[in-house]
Structures are given as structure tokens and as C-alpha cells.
Amino acid sequence: LGLLRKTALILQIALVVKSDGADPIQAFVIPHSHMDVGWVYTVQESMRAYAVNVYDSVVEELSRAKHRKFIAVEQEFFRLWWDSAATKEHKQQVRQLLTEGRLEFIIGGQVMHDEAVTDMVDDILQLTEGHGFLYETFGIRPQFSWHVDPFGASSTTAVLFALAGFNGHLISRIDYDLKETMQRNKLQFVWRGSPSLGEQQAIFTHTMDQFSYCTPSQLPFSNRSGFYWNGVAVFPDPPKDGQYPNMSLPVAKDNIHSYALTMVKNIQQRAAWYRTRHVLWPWGCDKQFYNSSVQFQNMDPILEYINQHGEQFGVTVQYATLGEYFQAVHQSGLTWEVRGNQDFLPYSTEPFQAWTGFYASRNVLKGMARRASSQLHAAESLFVRYCVSFPDGPVPKEWALQKLRDLRWAVSEVQHHDGITGTESPKVADMYLKHLTSGMTGVEELTINLLSLSQDADSFDFTQEPGEQIVVYNPLAWNVTTYVNVTVTFSMATVYDDKGQPVPSQIQQAAESVSTYDLFIVVSLSGLQHRRYFIRPSASPSGHDSAHAARTVTFQRQSVSGRPPKTTGRRLLPVMNECYKLMVDQDTNLLHSVTDLQTKGTVRLTQDFGEYHSNGDVSEGPISDNYIFSTNGTAQAAYKSVGLEIIPGKIVTEIRQYFYREEKEEDYVYAVYTRVPVGFKGMMPCHRIEQSYRVGPLVVNREAVLRTTTDLRNNKTIFTDNNGYQMQKRLHRTFTNNTVARNFYPMVRMAYLEDELTRLVFLSERAHGVSGQSEGQLEVMLHRRLWNNQEWNLGYNLTLNDTSVVQPVLWMMLGTRAAMSELYQKGALALQHRPVVIIAAGTVPFRHSKNLRQMSALPVVLPPNLHLLSLSVPGWHYSSNHTKHLESMQQGGAMQPDFKRVLIRIMHLFEVGEDPVLSKPATINLKEVLKGLGEMTSVEERSLTGTWAAGHSFRGVREYFSITISPKEIRTFFISFK
């Protein structure tokens, strides 16, 4: 009997031996735990149920056996564990494991960020926050990515990782049919994510095969899942007896061969899809390794068994880090196919599962995340000015830095791929909103205190006057003339600047309130400059200096259901500024056309709202949910009548359109408020038509889109941005199934359509889904409310029954392709970073003597093709000299934050060849540009997140403070001031 068993074993092994005599397959078994910073459970719930146990048990088990390894990915959980749960022994073990290279931090950001709906600024922030902690604490710098779960892959992410010093990038979720094609030896390539940067910032990219990041769990010899011996995590608390659901069959003498055979077959299947004899075999999945002891105790003998029979199997296996796998592939010496900057969006898993719905899920959260980012951007630059020009100021720097760090953490956290995407459960969405709100409140308090220090000695003193003071801050490093809107409770006012001179202003009844008014104030500010204004209310107009009192003109409500086309266009009403003439059709109360007054070209342009009707019953067909958009047809008109008001003004003319579901209904569900700036000839506001929308609450299983229909002949082709960094051309594609949903794309900052002469641009302050479903048309999905009976969605409460009213903003720009190329990037930034308005009422906690010197308010201005991407005091205490930093870490001791080191990033906005002038490299002298902050004494170039020295340009920068920035470059520096 024993001989028969031995013969059967040899035959089974022979069945999986490679017959081509090739070298053995080398499998790199990479233990990992995918730990979502949110999704179904809050961060606090996850820490309690499993995350603390992951790090406790991993460091203990790796310390017990020298051959074991593990990769750690998201930093938020690790940092929380390090600061609140890790023992002194655990911390010593972590440092030792890092020294031995057996614990490897991958990505190193706070989260594994989404790639479709995040802005590049926030991707950089969360990466920088994690990298700063890792370098400051351990002196390590991650070199590889592990983007296994974001829903599609952006070429901008590849660029950012290359700029951060990464040597390898790993992605997984791409279109199912594309992955099937790429599994013919095309899963690995060199990705040149930017056409302007080219090979300068290319990165080797590995695409995971069809098994993705989870271990194949089906066992032919057991009805339990395989290779997950610790089972499935239990919430809210780990079971006291240590018995978890779905624990794999323990490895024993009678099944070890079956386990080994299952693993070897999977390794060989994967090896056929790659060019080298190295196979990346991820061991883990969501919420794994909370009991690392049982995991390694079962896997250790399997690996040993396979290696003992390696010659027969044709496979060797070893625990590995991701870095070891990439190093082995690199040493193969192969030449790799080069991929251009085309991204992997959108993403579908099946013919009827297009993951394009999340581009618009939880619009409120998407908007708050971006507002928080903008507020942080402004406060960071103010704090730099304070630290440099007012080092002895009354605002405690430690207190201020903590306020900034709290908001940095919250903004970083929500970039998670189940955060800003809107794909989380309601309680997790509430967690993100709570953290953002708390951080924003703290930073607003800091901003008020910093701006209270800025009054010039020769400013006009309004302290004895009745009224209110505001401070307006321009967070952009360009000169800006625009208007700000202040909500007031009085119907008449006069506005004065800080010299006591009257300022042009306009006041009108607010759109959605009978008790408040919109006060528009024209402001002119240099880069990073703030000014005070005084608002004096009055009972009646007090001369020509008073705010222009704009009056509302109401038009007859129009029914539009079933209207024959010939009854439109007879009564057109013009609304004009110095750049555009908008025609409003009084037969429909809709826009009719827009004329570019520079070229005299007219575009027929109508806007309205449509709704996709979604299925919620899985027995009836494909469904829409948080992630997926699925529809059987085109969007249906969401209204039957339209109301119209126009408020002619001297600063803004406003068109208010109200859309009613029924002809005689009193309450509108949709509204568009279109503001046409007046009197800004030759300035940016002249070129934008500002629109804000009111959408909701929606009926269940409706997905709302703004439809802009034009006579532009664009062949249904649109252009959308990749995370605000670069544009992607989106050709309309036809599929056997699901064509509508698979032609939606993410719009983070901008989208446009064009013909040979004209470009129509939309700029956005939050992410949306966009599509070109018809010729000359652009749909922007603004809101979704869904419910379905799919068991998985119901179990995790992921049905997106979003009853909110959303109020997003889009700016519309129209002109020649050349004119729009010059304006749209700056326009997007002007929308994202509108002037900050602070009501200077009440008291601030940190007072200072008027005899002390004031905080500098001198401007900082960059050329028009360069953008001040970041200006902050990170607070890190590490030495920028790597050797010195490692030495100081060994010495130990508490370190204080460094308030003298300033991090600055400058970005070139234009692509090569995009504009004949602005696409040229720009040379600036940093010392000259930043003299408005103080006298700069030193500068050193760094990697994107600041942890690597970029030594190639030290000498020129140090000696002359002069730098040249080429198209699409992002240059990062540490600078210090006298």
C-alpha cells in the first residue's frame, strides 16, 4: 500500500512538471493584509476588531522565524497602532525587522488613494504625510507601489510615484477584457505617464493577473477556502476563543501534498502570463493576518514541502517582499514595451458592471473633501509667512502646526479608494465628514488668528464705525482681480477698502433665502496677499459709492413638455459682458446660444437636466450601486416646466432657472444660477460663465445629469482631466452591452469638447462623471440616489440611498482652441482656490501689542505658466542629510518640530507644444520671487515628498537661486530664510 501511495504521489507531481526543460519558476510569496481605511467599518471599529492584532502578531511572528516576511501598505492604521497600541518591545522588533529587510513598507502614504476622482494635490499630500512619518521615525523611504484596489489606474499616479522616487509601480483593477488581452505577456511595461516628461519620469509597471491581490482560495480537496487559516475578521470584537468563521483546513500530513499541488498549479498558471520565470504570489486579502501565528504555522510547511520537491515541481517558493520581486525581474535584463500616457479608465469587471457610478457618488463628501483641501492650502501658506516674517508672533507655533496636521490627516484619509469615491457605508461617510469638519474648524480658527496680525500701520481705522470688517486672502501666487460674495442680512451697504476708499459692489436678494442678501465686492489682490474691507450697512442708498442695488426681473414660467421645435427661438433675450453674449429663450426659459464676442462666433447651446432610471431589483437585470452605473437607455427629461429670473447688475448679471417635475408643481427639484461677471474686460472673470446648481432630493433609483447640448461637431469625443494634472482624449466607444455606462469618465477639475475652431470648457470644484453620449453634447452626472436588493450591498449597507440636496459649481468657458489652451488651467485653479473671506468680527485668543512688528503682507507672484503647488512648514525634525539623520536616530531623544524649514513645490502648467509662449520652459530666481516672504538663505532640491535628495541640481540652485522648470515638471525644494 505504501508503494502504491508513493507511485501515485510521483504521478501527481509529474502532471504539473514543465515539459519544456525551462528553468524553474521562482515564486515570491508576499504576505500582506489589505486594510481599508474606511469602507464598511470606521477606522476605530477596524482598529478594535483586527488592525491592532495585525501589527501585534505580524511583528511577533516575523521575529520568531528569520525566513518570514511581510509588506505593510496603508500608514494610517500603522501610525495609529504605533502611537497608541505598540509596546516598547513591538517598536524594537519593528526597527530590527526593517533593518533586516523582512518588513517592507509599500507605497508609504496614509492611504491607498483612489485614482479616478482624487486631485493630484491631495494625492501628493497623503503620500507626503506618510513618507514624512516613515522617514522621520525609521529613516526609510518606500520605493514601490501596491495599488491593487483602486477602481482603474490613472497615468498621473504613475508620474507622481516616479517623482516620489519609486522604482516600481503595481496596479490591478483594469477592464476585464483588456486584462484578458494583456495576459499574453503584456502585463508588465514601462509607463511614460506624461507625454511632456517622457522617459524622464517613466516607471516600470506590473499589472496583476486575473487573480488580483487575494490568494486563490478554492481548494479541490476541501469545501473550506484555502490559505486563510485565520479565517474572516469578526466585528465589533475578536472572538475570545480565537475561532473565526471560515478558517482554512489546517495543514497536516494527509493534505500537505494537496495544498502544495494547488499552489504549484496556480503558480504555473500565472507564470504563463509573464515574460520572466518570476511569479508574484500575493498571500493575503482584505483584513488578513490578525492571527499571523496560525497563518505562518500552516504556510511554512507548505513552502518547505514544495522546495523539497522543487526539481519535480519545476517551482521554488520563498517568502519575499515586493522589492525582492521587482529586483529579480529587473535583473532579468529584458527590454520592456513602453506605454504612453493613456490611462486605464474607466474600469469594468463584467459586461454590465461598469464602475463609473462612483465618479458621482456622495457628491456632498466629494465637495467637502475639496473645500478642505483648498482651506488647507491657504492656511499653509499663511503659516509660512507667519513663521518667516513674524517669528516672535503671539500665535503659538506648536498649536498652529497641530491644527494644520489635524486637517492634513483628515484630507489624506478621505483620499482612500473607498472614501472620496463615495463607495463606503453611511457611518463611514459620516466619519470622514466628521474628521474633515473638525479639521476645517481648527484651521479656520488658525486662519482668523493669522490674518488678525496683518493690519498695516497706515490702514484706515474702522473700529469706531458700525458695520463689519472682512479680510480677503488670495492663496494663489498670481495677481487676481475678481469678486467675492458675502452673505449679509441688510439690503443696502457701502464697501470701503483698507485705505478708506469706496469699492465697487452690488447687493441683491439671495436666491434661496428671503432674509439674506448677496453682497458682491470687487477685490484686487497680488499673489499671497490679503486686504481688509469694511462693510457699512445703510437703510437707503447713500450716494454713488453705495453698492449697486440689483433688482430681480421675473419671467413667465414655461411648459416644455411636448413642445414642437418651431415654437422656440422667437423671443431671445441677451445677457452680455465684455466677452460673451448669452441668449435666453423666453419660449422655454432655457439658454439658446452663446457668442464669443472676440471672434463673433456663435454656438447653439442649451442646458437642462436629465435622469437615468436605474433598476434596483437584481431579478430584473443589472443594477446601479455605489460603484456601478448601469442603465437600459438614455437620460430622460427630469422636468416639465421652467421658471426664469434675471438680475441685471454692474458686477454680476445673474440668470436663475428653476426646473419643476410637473407643470403646476410649486417646489422645484433642480435649479441653475448662472452668473455672468461684468466689467472685467481683459481679466480672467470676463471669460467665465459661473454656474451653481441645486439638485435634489432625488427620487429613489435616479441618477441626475446636467446636459449641455451644442452644435459643435466633435464626433462624440470629449477630453477629461487625469487628477487635475493632464488631459485625456476620450473617444466614444460602442460595446455589445452597456455602451452608455462605459462611456462615462471621471472629471476632477475640467472637461471639454471641441471642433476644429471652438472649444467649450467646463471647470469643476469637485469630481463628477462626464460623458459625450451624443454629437455636440456633454453630460455631467451631479447626483445619485439608489437602492437595490442585492444581498452583498444590503449586508454591507452600500446601497447609496442619498437623500441630500447637492450644490456643486461649474464654470463654463468658450473660445478658440488657442484662447482656451491659454486660460483653462489657470481658470481651474482660480475656481479651486477662490479668495478666502474671513469675517473679522469678535475677538481672537492670541492678542499682540501694536508696537510689535506686523506680519508681512508683501506679494509673491509667479509667471503665468507656473503654479505654486505647495508652500508649507511640514514641521519634520529630520536632517535633510541622510547620513546625519540616521546618526541622530541612533542617538534617540525627543526632537522638536522644525519651524524654519519650508517646503515649496512649483509646477509648470502646460504641455509641450500646447501654447506657443506659455509652453516654453520658465526660469525664475527663487530668492527674488520669494522676497515678499523674507530673505531666502538656502535651497535644496528634493523628491516629490521631500525624503530623497535630488542632488543633480544642488550646485546651480545653491549658487544662483535660479531654476528652470520645463513643461509639466513639478519641482520640490526645501528652503530657509534669514
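Residues numbered from 1 in each chain as written. Predicted model: local features only at pLDDT ≥ 70, side-chain atom pairs only at ≥ 80, totals over all residues. Heavy atoms only, no water.

- Where an unreviewed UniProt entry is consulted, the protein chain appears under the name Alpha-mannosidase, with the organism given as Paramormyrops kingsleyae.
- On record in UniProt, under Sequence similarities (unreviewed entry), the comment for the protein chain is "Belongs to the glycosyl hydrolase 38 family." (UniProt positions renumbered as here; feature names shortened; annotations may be inferred.)

**Some words on the overall build of the protein chain**
Then, number 1: Summing up its helical and strand segments, the protein chain has 20 helices and 44 strands in all.
Then, number 2: The C-alpha radius of gyration of the protein chain comes to 30 Å, within 12% of the 30 Å expected for a compact globule of 978 residues.
Then, number 3: For the protein chain, the spread of C-alpha atoms along the three principal axes comes to 110 × 75 × 55 Å.
Then, number 4: By residue count, 62% of the 978 residues in the protein chain fall in the buried class.
Then, number 5: Here the contacts in the protein chain between residues at least 6 apart in sequence split such that 76% fall between residues at least 24 apart.
Then, number 6: Counting every atom, the protein chain has about 36800 Å² of accessible surface; 50% of that belongs to carbon and sulfur.
Then, number 7: Distance between charge centroids for the protein chain: 2 Å, based on 93 positive and 97 negative side chains. (Helix = DSSP H or I, 4+ residues; strand = E, 2+ residues; numbered from the N terminus. Rg over C-alpha atoms; globule rule 2.2 N^0.38 Å. Buried < 20%, exposed > 50% of the residue type's maximum accessible area, 1.4 Å probe, protein only. Contact = heavy atoms within 4.5 Å. Areas by Shrake-Rupley, 256 points an atom, 1.4 Å probe, with all protein chains shown as cover. Lys, Arg positive; Asp, Glu negative; His and termini not counted. Charge placed at Lys NZ, Arg CZ, Asp CG, Glu CD.)

**Points about the layout of surface pockets**
To find leftover empty space, a probe the size of one water molecule is rolled over the atoms.
Then, number 1: A volume near 1200 Å³ is recorded for the second largest pocket.
Then, number 2: Taken together, 47 residues form the lining of the second largest pocket, with D149, R173, Y213, W355 and W792 sitting closest to its centre.
Then, number 3: Of all the secondary-structure elements, those providing two or more residues to the lining of the second largest pocket are α7 (176–182), β10 (348–350) and α16 (791–796).
Then, number 4: Here the lining of the second largest pocket takes 3 residues from α7, the largest share from any one element.
Then, number 5: Across the lining of the second largest pocket, the residue classes break down as 23 nonpolar, 14 polar and 10 charged. (1 Å grid on protein atoms, 1.4 Å probe; cavity = no way out; pocket = protein on both sides within 12 Å on 5 of 7 lines; lining within 4 Å. Points joined across faces, edges and corners; volume = space filled by probe spheres on them. Nonpolar A, V, L, I, M, F, W, Y, C, P; charged D, E, K, R; others polar.)

**A word on empty space enclosed by the protein**
Then, number 1: Counted according to the given criterion, the structure contains 7 cavities of 30 Å³ or more.
Then, number 2: Considering the residues around the largest cavity, the lining is formed by 20 residues, among which L125, E380, S870, S872 and R905 are closest to the centre.
Then, number 3: Contributing elements (two or more residues each) for the lining of the largest cavity: α5 (120–138), α12 (363–389), α13 (397–414), β39 (866–872) and β40 (902–908).
Then, number 4: Ranked by the residues each element gives to the lining of the largest cavity, the list is headed by α5, at 6 residues.
Then, number 5: Tallied by class, the residues present in the lining of the largest cavity amount to 10 nonpolar, 5 polar and 5 charged.
Then, number 6: Split by domain, the lining of the largest cavity shows at least three residues from each of two domains, domain 2 (106–209 + 337–350) and domain 4 (862–977).
Then, number 7: The element best represented in the lining of the second largest cavity is strand β7 (residues 278–283), accounting for 4 residues.
Then, number 8: When we break the lining of the second largest cavity down by domain, the ones giving at least three residues each are domain 1 (1–104 + 218–272 + 276–335) and domain 2 (106–209 + 337–350). (Domains from an automatic or database assignment.)

**Section: the confidence of the model for the protein chain**
Then, number 1: Chain-level statistics for the protein chain give a pLDDT mean of 93 and a share of 94% at 70 or above.
Then, number 2: This stretch, residues 1–15, has a pLDDT under 50; its non-local contacts, to residues over four places away or in other chains, come to 8 contacts.
Then, number 3: Scored below 50 in pLDDT, residues 952–956 makes 8 contacts in the model with residues more than four places away or belonging to other chains. (pLDDT = per-residue confidence, 0-100.)

**With respect to the packing of aromatic side chains**
Then, number 1: Applying the stated rule across the entire model yields 67 aromatic pairs.
Then, number 2: Pairing F151 with Y627 gives two aromatic rings, centres 5.5 Å apart and planes at 80°, and the pair type is edge-to-face. Residue F151 is found in the loop between α5 and α6 (155–163), and its partner Y627 is found in the loop between β23 (601–613) and β24 (636–637); the two are separated by 476 residues along the sequence. The same class applies to F151 and to Y627, which are both buried.
Then, number 3: Relative to Y386, the ring of F383 lies with its centre 6.4 Å away and its plane at 25°, an arrangement referred to as stacked. Separated by 3 residues within a single helix, F383 and Y386 lie in helix α12, roughly one turn from each other. The same class applies to F383 as to Y386, namely buried. (Phe/Tyr/Trp six-rings, centres within 6.5 Å; stacked < 30°, edge-to-face > 60°.)

**Some thoughts on the domain arrangement of the protein chain**
Then, number 1: The domain boundaries assigned to the protein chain delineate domain 1 (1–104 + 218–272 + 276–335), domain 2 (106–209 + 337–350), domain 3 (609–833) and domain 4 (862–977).
Then, number 2: Just the C-alpha atoms count here: the centres of domain 3 and domain 4 sit 37 Å apart.
Then, number 3: Across the boundary between the two partners, domain 3 contributes 9 residues, which contact 11 residues of domain 4.
Then, number 4: Between domain 3 and domain 4 the total buried area reaches about 900 Å² when both faces are included, carbon and sulfur atoms providing 56% of it. (Buried area = accessible area lost by both parts, 1.4 Å probe.)

**Some thoughts on the sheet that holds strand β38 (residues 836–839)**
Then, number 1: One open sheet accounts for 4 strands, arranged β14-β17-β12-β38; its pairing is antiparallel. The open sheet has two free edges, formed respectively by β14 (493–497) and β38, since each of these has just one partner strand. Between one strand and the next, the sheet's axes are offset by a mean angle of 25°, whatever the strand orientation.
Then, number 2: Taken together, the 5 bridges between β14 and strand β17 (residues 530–537) define a ladder with antiparallel strand orientation. Of the residues in β17, the one forming a bridge with V495 is I535.
Then, number 3: The strands touched by α12 within the sheet are β12 (468–473), β17 and β38, with β12 carrying the most contacts at an inclination of about 90°.
Then, number 4: Where helix α14 (residues 426–451) meets the sheet, it contacts β12, β17 and β38, and its direction lies at approximately 80° from that of β38. (Pairing = 2+ DSSP bridges. Axes fitted to C-alpha atoms, helices over the stretch in contact; angles between N-to-C directions.)

**Looking at the nonpolar core**
Then, number 1: Counting 148 residues, the largest nonpolar core has W81, F227, M263, W283, M299, I302 and L930 as the members making the most contacts within it.
Then, number 2: With 13 residues, the top contributor of residues to this core is α12.
Then, number 3: Residues F520, F680, Y693 and A704 belong to the second largest nonpolar core, which totals 66 residues. (Core = buried A, V, L, I, M, F, W, Y, C linked by side-chain atoms within 4.5 Å.)

**Regarding the packing of α12 against α13**
Then, number 1: As a packed pair, α12 and α13 sit with axes 10 Å apart at the nearest point and diverge in direction by 150°. When the axis of α12 is compared with that of α13, the two are roughly antiparallel. α13 is crossed by α12, and the crossing has left-handed handedness. Of α13, the residues touching α12 (which contributes L365, A369, A372, S373, L376, A379, E380, F383, Y386 and C387) are K397, A400, L401, L404, L407, R408, V411 and V414.
Then, number 2: Residues of the contact of α12 with α13, tallied by class, amount to 14 nonpolar, 1 polar and 3 charged. (Parallel < 35°, antiparallel > 145°, perpendicular 65-115°, else oblique. Left-handed = near helix turned anticlockwise from the far one by under 90°.)

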